[in-house]
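What follows is the residue order along each chain.
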Amino acid sequence: MDVVDLARLQFAVTGNLHFLFVVLTLGLAPLVAIMHTRLVISGNPLYERMTRFWGQIYVINYALGIFTGLVMEFQFGLNWSGLTSYAGDVFGTPLALETLLAFFLESTFLGLWIFGWHRLPRGLHVACIWLVTLTAYASALFIMVANSFLQHPAAAVEEGGRLVLRDFGALFTNPSLVAALPHVLGAGVWAGGSVVAGASAYHLFRRTAEREFFTRSLRIGMLAAFVGSSVTVWFGYTQFDKVSSIQPDKFKGVVPGLGIALMMGLGQLVLLVVWCLVPLLFRDLLARWRWTHPVLMVIAPAPFVLVIAGWLTREVGRQPWLVYGKLTVADALTPGLTPAAITASFAAFAGVLGLLAVVDWTLIIRAVRRGPGEVALGAPDQSADPAPTPAHSF
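Looking at an unreviewed UniProt entry, one finds the protein named Cytochrome ubiquinol oxidase subunit I and attributed to Microbispora cellulosiformans. According to UniProt, the comment filed for the protein under the heading Subcellular location (unreviewed entry) is "Cell membrane". In its Sequence similarities (unreviewed entry) section, the UniProt entry covering the protein states "Belongs to the cytochrome ubiquinol oxidase subunit 1 family."

In structure tokens:
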């Protein structure tokens, strides 16, 4: 493989590993916020336990996902300085907004939510997790704005051998963005719902003592998977006409064809299973019929496979362009890179992200298996010294 192919492969591997963290974050955040809202409205302590349990899984994934994002940032400077030189003024704008506005605010509100248990007023505390959700979705918006610019470089003109931003608003009305953003957000909700449903089915299948806890969790997860899968499929098909008009050769070739076949084959099969099982939520039939639980466990990873197939189709289909019609991948590569240097950074970056992915899923699976009995998030503070016992008079 030459330098260009090695650099492309490196970004593909690390980008897809990072995206696995992102999609689960986008899916779990609104579900945890809904559980917390139901706690505030109803006062039912069961919803507090649900919020803390699923919230802890969200926090695990978020914390490890931060480091994968940092690795992605390094690659732009190391391997793709040509992109920065040619289109940095445009491409870098939404990325800067994502970091300065969305990510910093998201981290701040998440910290308030994590450490605000038993300290913040209930209304303010639940507002924090909703703000975490909104800023996470804002982060996804800015990232998709940047990616959509690469797909269709609207809002910019070439001056002096580089692209200059001329219409900031056009970045957010890019035809490559309009259907892609809800498609990605729907996939996130689908993935988050599938994880909650699959984990709940695991405990129900084992007949653990937390039947009511996981019956309600299963209901929330399945409804989220139903809504998320419907949105994903609808806007997935909507994209075909828009993308084909922008990039006529987008879906030609072997790799995009395989991605589309996988999405349409596996995606429609899983979609059919979800839609068939959702009616069983009435009268809690889905929780009681044990034969459905292994099915839910098996299909839980499917949305993650599908989002990777979709992302590869979107990226591979515009080759050989990095900025479509403006800058090729070869021209965007940093001058002077050698196969040895790319291989070394590839091994380092992929190794770090792969390790983080293994640690992430190991911790999540361990937390799921332990169940809601031992959850550190939101536990009452036991570090304070107990009140002194008054002396007795005899």
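A.B. asks: What's the story with the overall build of the protein in this structure? I'm lost.
C.D. replies: Check the secondary structure of the protein and you find 14 helices and 4 strands. Its C-alpha radius of gyration of 23 Å places the protein within 12% of the 21 Å reference for a compact globule of 394 residues. For the protein, the C-alpha atoms occupy an extent of roughly 90 × 55 × 40 Å along the three principal directions. Counting all 394 residues of the protein, 49% fall into the buried class. When contacts within the protein are restricted to residue pairs at least 6 apart in sequence, those whose partners lie at least 24 apart make up 83%. A total accessible area of about 18,200 Å² is found for the protein, and carbon and sulfur atoms account for 70% of it. Of note, the protein has its 25 positive side-chain charges centred 13 Å away from the centre of its 21 negative side-chain charges.

A.B. asks: When you look at the side chain of Thr133 in this model, what are you seeing that I'm missing?
C.D. replies: In this fold, Thr133 is placed in helix α4 (residues 122–151). At a separation of 3.3 Å, a polar atom in the side chain of Thr133 contacts the main-chain carbonyl oxygen of Ala29. Contacts of Thr133, omitting those with residues within four sequence positions, involve Ala29, Pro30 and Ala33.

A.B. asks: Would you explain the nonpolar core in this entry?
C.D. replies: One recurring pattern in soluble globular proteins: nonpolar side chains tend to sit buried together. If you look at the biggest cluster of nonpolar residues, it comprises 108 residues, and the most contacted ones within it are Trp54, Leu83, Phe149, Met222 and Val323. Look past the residues within four positions of Met222 in its chain and what remains in contact with it is Ala197, Val274, Leu277, Val278, Leu281, Leu286 and Leu296.

A.B. asks: How should I be thinking about the pattern of salt bridges in this particular structure?
C.D. replies: Pairs may arise between side chains of opposite charge once their charged atoms sit close together. All told, the structure shown has 6 salt bridges when counted by the stated rule. Linking Glu159 and Arg166 is a salt bridge whose minimum nitrogen-to-oxygen distance equals 2.5 Å. Residue Arg219 is joined to Asp284 by a salt bridge in which the shortest nitrogen-to-oxygen separation is 2.6 Å. Within this pair, whereas Arg219 is found in helix α8 (residues 211–246), its partner Asp284 is found in the loop between α9 (254–277) and α10 (285–288), the two being separated by 65 residues in sequence. By relative accessible area, which is 29% here, Arg219 ends up partly exposed. Classification of Asp284 by relative accessible area gives partly exposed; the value is 29%.

A.B. asks: Please clarify how the confidence of the model for the protein should be interpreted in this entry.
C.D. replies: Any residue range with low pLDDT should be treated as having predicted coordinates unsuitable for detailed reading. When pLDDT is averaged across the protein, the result is 89; 96% of the residues are at 70 or more. Counting interchain partners and residues more than four positions distant, the pLDDT-below-50 stretch residues 383–394 has 0 contacts.

Cut-off values and rules
Residue numbers run consecutively from 1 along every chain, following the written order of its sequence. A pLDDT threshold of at least 70 governs which residues receive local features in this predicted model, and a stricter bar of 80 or more applies before side-chain atom pairs are shown or counted, although totals over entire chains, interfaces and linings include all residues. Think of the side-chain values as coming from all heavy atoms in the structure, minus any hydrogens and water. UniProt positions are given in the numbering used here, feature names are shortened, and annotations may be inferred rather than shown by experiment. Helix and strand assignments follow DSSP, with helices taken as H or I runs no shorter than four residues and strands as E runs no shorter than two, numbered in order from the N terminus. Two things to know: the radius of gyration comes from C-alpha atoms, and the globule rule equals 2.2 Å times the number of residues to the power 0.38. Categorising residues by exposure relies on relative accessible area from a 1.4 Å probe, with only protein chains included: less than 20% of the type maximum marks a residue as buried, more than 50% marks it as exposed, and the intermediate range marks it as partly exposed. Contacts are assigned to residue pairs that have any heavy atoms within 4.5 Å of one another. Only the protein chains shown count as covering a residue, and every accessible area follows the Shrake-Rupley method with a 1.4 Å probe. The charged-residue count follows a simple rule in which Lys and Arg add positive charge and Asp and Glu add negative charge, with His and chain termini not counted at all. Each charge is placed at NZ for Lys, CZ for Arg, CG for Asp and CD for Glu. We define a polar contact as two N or O atoms separated by no more than 3.5 Å, with the added condition that, inside protein, one atom must be a possible hydrogen donor and the other a possible acceptor, whereas residues neighbouring each other in sequence contribute only through side-chain atom pairs. The criterion is simple. A nonpolar core is a set of buried Ala, Val, Leu, Ile, Met, Phe, Trp, Tyr and Cys residues joined through side-chain atoms within 4.5 Å. Each salt bridge in this description consists of a side-chain nitrogen of Lys or Arg and a carboxyl oxygen of Asp or Glu lying within 4 Å of one another. Every residue gets a pLDDT, meaning the predictor's confidence in that residue, from 0 to 100.

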